[in-house]
Amino acid sequence: MALAEPAELAYERAFADHWTDVFRFALAWTNDWGAAEDLAQEAYLRLWDHRGRLDWTRPPLPWLLVTTRRLATDRFRRLRRAVSGAESTATTLSDEATRARWLDVRAAMAVLSPLERSALVMTALEGLTYDEAAKVLGTTAGALRAAVSRARTKLETA
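A quick note: this is a predicted structure, and the numbers were derived from the prediction, not measured. (Residues numbered from 1 in each chain as written. Predicted model: local features only at pLDDT ≥ 70, side-chain atom pairs only at ≥ 80, totals over all residues. Heavy atoms only, no water.)

Some thoughts on the overall build of the protein
No. 1: A tally of helices and strands in the protein yields 7 helices and 0 strands.
No. 2: Each helix (α) and strand (β) of the protein, taken in turn from the N terminus, gives the series α-α-α-α-α-α-α.
No. 3: Counting across all 158 residues of the protein, residues that qualify as buried make up 35%.
No. 4: With the model as given, the accessible surface of the protein reaches about 9,700 Å², and the carbon-plus-sulfur share is 55%. (Helix = DSSP H or I, 4+ residues; strand = E, 2+ residues; numbered from the N terminus. Buried < 20%, exposed > 50% of the residue type's maximum accessible area, 1.4 Å probe, protein only. Areas by Shrake-Rupley, 256 points an atom, 1.4 Å probe, with all protein chains shown as cover.)

Structure (structure tokens):
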């Protein structure tokens, strides 16, 4: 049995240390357990694919959260196209309830800029500090505080 390479060991450690954080972040974005699991799994699959190119001396969580956010954004775009496309007239009540809930979330998120949406999810739902979230998003803590404040104001008036 061969010894695991350092990148493989780092990947295993990243999975053990951050799976719950990545899953909760995806759940906050999707509000759907199954979709959140899919997004988290896809983020870790991409981490595996990039394991040889990553700098494992840096924490992998920011990379994972950015990847998850991008995957969630792609998912929202696919859903938006599906919802705005031709709809079947033979929908059930539960499908209508799911669609209505999705439209509520979509409407609330639509008023927020990508930075505001990410900042709010990361600080309010994930519990990251402003400094941690700012580092992940590539901005300053002050700009992130302003984005969170704007997001809350927009959601309160929406």
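Text resumes after the structure shown.
Some words on the packing of helix α1 (residues 6-30) against helix α5 (residues 114-125)
No. 1: At a minimum axis separation of 10 Å, α1 and α5 run at an interaxial angle of 125°. Classified by the angle between their axes, α1 and α5 sit oblique to one another. As for how α1 packs across α5, the hand of that crossing is right-handed. In this structure, α1 contributes Arg-24, Phe-25, Ala-28 and Trp-29 to the contact, and α5 contributes Arg-117, Ser-118, Val-121, Met-122 and Leu-125.
No. 2: Considering only residue class, the contact of α1 with α5 consists of 6 nonpolar, 1 polar and 2 charged. (Axes fitted to C-alpha atoms, helices over the stretch in contact; angles between N-to-C directions. Parallel < 35°, antiparallel > 145°, perpendicular 65-115°, else oblique. Left-handed = near helix turned anticlockwise from the far one by under 90°. Contact = heavy atoms within 4.5 Å. Nonpolar A, V, L, I, M, F, W, Y, C, P; charged D, E, K, R; others polar.)

Topic: the side chain of Thr-30
No. 1: Structurally, the position occupied by Thr-30 is in helix α1.
No. 2: Discounting chain neighbours no more than four positions away, the residues touching Thr-30 are Ala-35, Ala-36, Leu-39, Arg-75 and Phe-76.

Side note on the packing of aromatic side chains
No. 1: Applying the stated rule across the entire model yields 9 aromatic pairs.
No. 2: For the pair Phe-23 and Trp-33, a centre-to-centre distance of 4.8 Å together with 65° between the ring planes defines the contact as edge-to-face. One end of the pair, Phe-23, is in helix α1; the other, Trp-33, is in helix α2 (residues 33-49), and 10 residues separate them in sequence.
No. 3: We classify Trp-33 as exposed; its relative accessible area is 54%.
No. 4: Every member of this aromatic cluster is reached through a ring pair, and the members are Tyr-11, Phe-15, Trp-19, Phe-23, Trp-33, Tyr-44 and Trp-48.
No. 5: Cation over ring: Arg-51 sits above Trp-48, and NZ or CZ is 3.7 Å from the ring centre. (Phe/Tyr/Trp six-rings, centres within 6.5 Å; stacked < 30°, edge-to-face > 60°. Lys NZ or Arg CZ within 6 Å of the ring centre and 35° of its normal.)

Examining the packing of helix α6 (residues 130-137) against helix α7 (residues 141-157)
No. 1: At a minimum axis separation of 8 Å, α6 and α7 run at an interaxial angle of 100°. Relative to α7, the element α6 is oriented roughly perpendicular. Note on element contacts: α7 touches α6 through Ala-141, Leu-144, Arg-145, Val-148 and Arg-152, opposite Tyr-130, Asp-131, Ala-133, Ala-134 and Leu-137.
No. 2: The residue makeup of the contact of α6 with α7, split by class, is 7 nonpolar, no polar and 3 charged.

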